[in-house]
Amino acid sequence: MPEPRPSTVEIRVWDLPTRLFHWVLAACVLGSVVSAKVGGAAMIWHFRFGYAVFALLLFRLLWGLVGGRWSRFASFVYGPGTLWRYLRGRAAADERLDVGHSPLGALSVFALLAVLIAQVATGLVADDEIFTVGPLNKFVTGATAIEATAWHKGWGQWLILGLVGLHIAAVMVYTALGRGILGAMVGGDKPLPQATPASRDDLRTRILALVVLGAAAAVVAWVSSL
């Protein structure tokens with residue numbers, strides 16, 4: 001006889017700050033891309049969206065250290081062996097590789113964070129020689145500014161669009177398979193075995209998130225004023 005499936009309950013996986021980060025970041029990246037394509041006076045909004053993305057990235061890097069259990073980088077930094085077992089379908093149940101970010105999902109997250117960080121960094125020193133100059137342009141050479149601008153307007157934006165497209169495609173596939181990851185990023189919960197540890201998501205967590213976000217925003221305000 002087949003073994004009975006373990007009973008499941010709704011477990012809080014994604015804390016509210018992580019969920020808000022996800023959706024606000026998506027909106028800001030979209031706004032940044034659209035405003036850049038419009039150009040002209042809309043470039044003011046491009047900078048505003050860029051600064052917002054900057055602050056959100058700083059927040060996520062810090063939140064990856066102090067946030068809810070499944071939002072911490074320690075919960076989804078996997079070695080090659082773990083990734084290989086996951087791809088072969090031989091992961092052990094106690095590894096809990098599908099609670100938060102799976103090994104493949106983790107690669108996607110880190111790739112997107114890295115590309116966005118590079119995009120923000122190049123934008124801060126870019127100079128389109130027409131209308132817009134990044135606040136840190138004065139601290140780099142002209143050659144560096146030209147290279148940064150070329151990346152920002154070329155490979156950088158296409159890599160972001162490509163990774164976002166892959167992310168959306170993966171969500172659609174997981175949804176079709178009944179994995180429900182989109183619902184978890186909205187409501188925060190997943191149906192999981194009762195023994196699965198939950199992420200802390202209470203008033204204390206949210207106050208801490210506001211403090212972290214405030215610190216990130218202060219850094220961005222200082223950089224933009226240079």
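Residues numbered from 1 in each chain as written. Predicted model: local features only at pLDDT ≥ 70, side-chain atom pairs only at ≥ 80, totals over all residues. Heavy atoms only, no water.

### Side note on the packing of aromatic side chains
Stage number 1. Counted according to the given criterion, the structure contains seven aromatic pairs.
Stage number 2. Considering the side-chain rings of Phe 76 and Phe 110, the 5.3 Å spacing of their centres and the 25 degrees angle between planes classify their relative orientation as stacked. With Phe 76 in the loop between α2 (43-66) and α3 (80-87) and Phe 110 in helix α4 (residues 103-125), the pair connects residues that are 34 residues apart, well separated along the chain.
Stage number 3. In this structure Phe 76 comes out as buried when scored by relative accessible area, which is 0%.
Stage number 4. Overall, Phe 110 belongs to the partly exposed group, its relative accessible area being 31%.
Stage number 5. A connected cluster of aromatic rings, assembled from ring pairs, spans Phe 21, Phe 59 and Trp 63.
Stage number 6. Sitting over the face of the ring of Phe 21, Arg 60 holds its NZ or CZ atom 6.0 Å from the ring centroid.
Stage number 7. A cation over a ring is seen here: Arg 69 above Trp 70, with NZ or CZ 5.2 Å from the ring centre. (Phe/Tyr/Trp six-rings, centres within 6.5 Å; stacked < 30°, edge-to-face > 60°. Helix = DSSP H or I, 4+ residues; strand = E, 2+ residues; numbered from the N terminus. Buried < 20%, exposed > 50% of the residue type's maximum accessible area, 1.4 Å probe, protein only. Lys NZ or Arg CZ within 6 Å of the ring centre and 35° of its normal.)

### So, the confidence of the model for the protein chain
Stage number 1. Within the protein chain, residue pLDDT values average 89, and 95% of them lie at 70 or more.
Stage number 2. The secondary structure element of the protein chain with the lowest average pLDDT is helix α7 (residues 181-187), at 84, and the one with the highest is helix α8 (residues 203-225), at 97. (pLDDT = per-residue confidence, 0-100.)

### Comments concerning the packing of α4 against helix α5 (residues 142-153)
Stage number 1. It is at 8 Å that the axes of α4 and α5 come closest, and there the two elements cross at 135 degrees. Taken together, the axes of α4 and α5 lie oblique to each other. By crossing handedness, the relation of α4 to α5 is classed as left-handed. Seen from α4, the contacting residues are Ala 118, Gln 119, Thr 122, Gly 123 and Val 125; seen from α5, they are Ala 145, Ala 148, Trp 151 and His 152.
Stage number 2. In terms of residue class, the contact of α4 with α5 is built from five nonpolar, four polar and no charged. (Axes fitted to C-alpha atoms, helices over the stretch in contact; angles between N-to-C directions. Parallel < 35°, antiparallel > 145°, perpendicular 65-115°, else oblique. Left-handed = near helix turned anticlockwise from the far one by under 90°. Contact = heavy atoms within 4.5 Å. Nonpolar A, V, L, I, M, F, W, Y, C, P; charged D, E, K, R; others polar.)

### With respect to the packing of helix α1 (residues 16-38) against α2
Stage number 1. As a packed pair, α1 and α2 sit with axes 8 Å apart at the nearest point and diverge in direction by 155 degrees. Taken together, α1 and α2 sit at an angle that is classed as roughly antiparallel. α2 is crossed by α1, and the crossing has left-handed handedness. Residues Pro 17, Thr 18, Phe 21, Val 24, Leu 25, Cys 28, Val 29, Gly 31, Ser 32, Ser 35 and Ala 36 of α1 form the contact with α2, whose participating residues are Met 43, Trp 45, His 46, Phe 49, Ala 52, Val 53, Leu 56, Leu 57, Phe 59, Arg 60 and Trp 63.
Stage number 2. Residues belonging to the contact of α1 with α2 are distributed by class as follows: 16 nonpolar, five polar and one charged.

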